[in-house]
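# Coordinate inspection notes
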Amino acid sequence: MEKTQLLISQNKDRFITELFELLRIPSVSADPNYQGDVAACAAHLAAHFQSIGLENVEVITTAGHPIVYADKIIDTALPTVLVYGHYDVQPADPLALWHTPAFEPVIKATPIHPEGAIFARGACDDKGQFFMHIKALEAMLQAQELPCNVKLMIEGEEEVGSPNLALFVSANKQKLKADIILVSDTGMLANDTPSITTGLRGLSYVEVELTGPNRDLHSGLYGGCVANPINILTQMVASLHDENRRITIPGFYDKVVELSAADRAEMAKAPFSEAAYCEALDIRDTHGEKGYSTMERGSIRPTLDVNGIWGGYTGEGAKTVIASKVFAKISMRLVPDQDPEEITRLFQAHFESIAPQSVRVKVLPHHGGQPVVTPTDSPAYAAASLAYETTFGKKPIPVRSGGSIPIIAMFEQELGLKTILMGFGLDSDAIHSPNEHFGLFNFFKGIETIPYFFKHFSKIQA
Ligand code: BES
Ligand code: MN
Ligand code: MN
């Protein structure tokens, strides 16, 4: 991989310029106003893939946003790596909180990224990360050092739950045939502490609506006599956790796989500073399920969080009113072997059962996803570990993450393939938040590390 690495080191400025072009396209999948930009982003990528020598480049239309596919088959007798990523991004709002515009990338240094970081929506999640693969492939192709076959599938709907990708995958099993799936859409512990993500949480997401009286009422004339849906909802939501901050939905923990004491001890070896964690978030203390560490609460334990709650009067001044309706959006992060559909059913039955007669309840299920754990005793993991050791000079630590990528479990079900989650972002990179960024160190380390994965995986697999 010497020639590949030399090419990478000689083309760093151009790689940044090209990533900037990609980041300038506001490919927000959730907002219909950006549909044209999402399509333009897919077209831009397809043209770029063509220009670096990838073959069978296709923009595949779906009922939603397009999927971009490309491959390079050098010898059908060699193993095949399928790279997955997403070119869609989260909405940029609240816009006022960005120090520089979300779709005008700039490089600025931060205490954690003294070499500089690229600030833009999608810089880390996931444009900057899947683009590392494109540049690594470009270098390997140019150096004639690509050691195996590669297929690329970059989708445009990950941030809205990948509603159309599952259909495409199950209808194209032959086209997507591979030996391993490789994804950079997660993080690592720190720039001097490389880690490989070995698990993702699942997700069950619901919206609830409570209706009290048939119209908004004067809170003096009716207050104390009819149920105030906002009062009721807040009580119901509060009752979803007990005094040990465990979730009270009957059956919620039934399928949770408890880790052995040995596995928990192994987990506790990963460097983590509670004080630094609190300081970075400006909080005096952490908060979560009794009996578990912060690392555990954020990865191997299931959770329930209100993501938004609205109703009643929230404008200027005071309006004395009892609202007719109140709403909330609630996410539950799941761990093996919880099933999102079952958890959604348990939530619905419980939530309806705890509502008093004085209100009516509606529960609307949104998208969900299965949790995943990836093996650390596989040839692919060994190849990834060796790759990190080569570029970081340290063995990576296996770490389970709290985030979700629902399509990963689907890949295993539909294609029978395991995934290697080689993420290079940091938790502090503010993905989904204002001022999202991706360190230059991380971007280039990713580009340098990926070719070694290809090299070692091809050798081990052959
Ligand atoms: N890339 C993230 C997930 C992620 C980030 C996993 C960091 C591990 C570490 C992905 O784009 C994402 O945001 N997923 C959503 C779920 C999706 C259904 C909207 C999430 O986790 O909330
Ligand atoms: Mn992502
Ligand atoms: Mn995301």
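Residues numbered from 1 in each chain as written. Chains lettered and ligands numbered in written order. Predicted model: local features only at pLDDT ≥ 70, side-chain atom pairs only at ≥ 80, totals over all residues. Heavy atoms only, no water.

## Topic: the site of ligand 1
Taken together, 17 residues sit near ligand 1, with E158, D185, R333, S404 and H432 positioned nearest. A distance of 3.3 Å is found between an oxygen atom of ligand 1 and a side-chain nitrogen or oxygen belonging to H86. Within the side chain of H432, a nitrogen or oxygen atom sits 2.8 Å from an oxygen atom of ligand 1. Looking at the shell around ligand 1, its residues break down into 4 nonpolar, 8 polar and 5 charged. (Near = heavy atom within 4 Å. Polar contact = N/O pair within 3.5 Å; in protein donor to acceptor, adjacent residues only side chain to side chain. Nonpolar A, V, L, I, M, F, W, Y, C, P; charged D, E, K, R; others polar.)

## What to know about the coordination of the manganese ion (ligand 2)
Looking at the manganese ion (ligand 2), the protein donor atoms are H86 (NE2), D125 (OD), D185 (OD) and D185 (OD), and they sit 2.0 to 2.5 Å from it. Seen from the manganese ion (ligand 2), its 6 donor atoms lie at angles of 56 to 165°, and the figure they make is irregular. Sequence spacing of the donor residues for the manganese ion (ligand 2), all on one chain, is H-x38-D-x59-D. The distance between the manganese ion (ligand 2) and the manganese ion (ligand 3) is 3.6 Å, with D125 acting as a donor to both metals. Of this pair, H86 sits in strand β3 (residues 80-86) while D185 sits in the loop between β7 (180-183) and β8 (195-200), and the two are 99 residues apart along the sequence. For the pair H86 and D185, a shared accessibility class is recorded, and that class is buried. (Donors = N, O, S within 2.8 Å, 3.2 Å for Na, K, Ca; no water. Tetrahedral: all angles 85-135°; square planar, octahedral: opposite > 155°, others 65-115°. Helix = DSSP H or I, 4+ residues; strand = E, 2+ residues; numbered from the N terminus. Buried < 20%, exposed > 50% of the residue type's maximum accessible area, 1.4 Å probe, protein only.)

## So, the environment of V237
When you line up the elements, V237 lands in helix α6 (residues 229-238). Each C-alpha atom, one on V237 and one on D429, is 30 Å from the other, the two residues being 192 residues apart in sequence. Contacts of V237, omitting those with residues within four sequence positions, involve V306 and I330. (Contact = heavy atoms within 4.5 Å.)

## Considerations on the packing of helix α11 (residues 379-392) against helix α13 (residues 440-461)
A pair of packed helices is characterised by two quantities: the angle between their axes and the separation of those axes. In contact at an axis separation of 7 Å, α11 and α13 are set at 135° when each is read in the N-to-C sense. Classed by the angle they form, the pair α11 and α13 counts as oblique. Crossing handedness for the pair α11 and α13: right-handed. Contacts between α11 and α13 involve P379, A380, A382, A383, A384, L386, A387, Y388, T390, T391 and F392 from the former and F441, K445, E448, T449, Y452, F453, H456, F457, I460 and Q461 from the latter. Looking at side-chain class alone, the contact of α11 with α13 contains 14 nonpolar, 5 polar and 2 charged residues. (Axes fitted to C-alpha atoms, helices over the stretch in contact; angles between N-to-C directions. Parallel < 35°, antiparallel > 145°, perpendicular 65-115°, else oblique. Left-handed = near helix turned anticlockwise from the far one by under 90°.)

## What about the sheet that holds strand β18 (residues 437-439)?
Across the sheet, which stays open at both edges, the 3 strands sit in the order β4-β5-β18 with antiparallel pairing between neighbours. Looking at the sheet topology across the chains shown, the edges are occupied by β4 (106-108) and β18. Across the sheet, the axes of successive neighbouring strands diverge by a mean angle of 30°, strand direction being ignored. Summarising the sheet, strand β5 (residues 117-119) and β18 pair through 3 bridges and their orientation is antiparallel. By the bridge assignment for β18, F119 is matched with H437. Across the sheet, α13 lies against β4, β5 and β18, angled at about 60° from β18, the strand it touches most. (Pairing = 2+ DSSP bridges.)

Nothing here speaks to function; it is geometry throughout.
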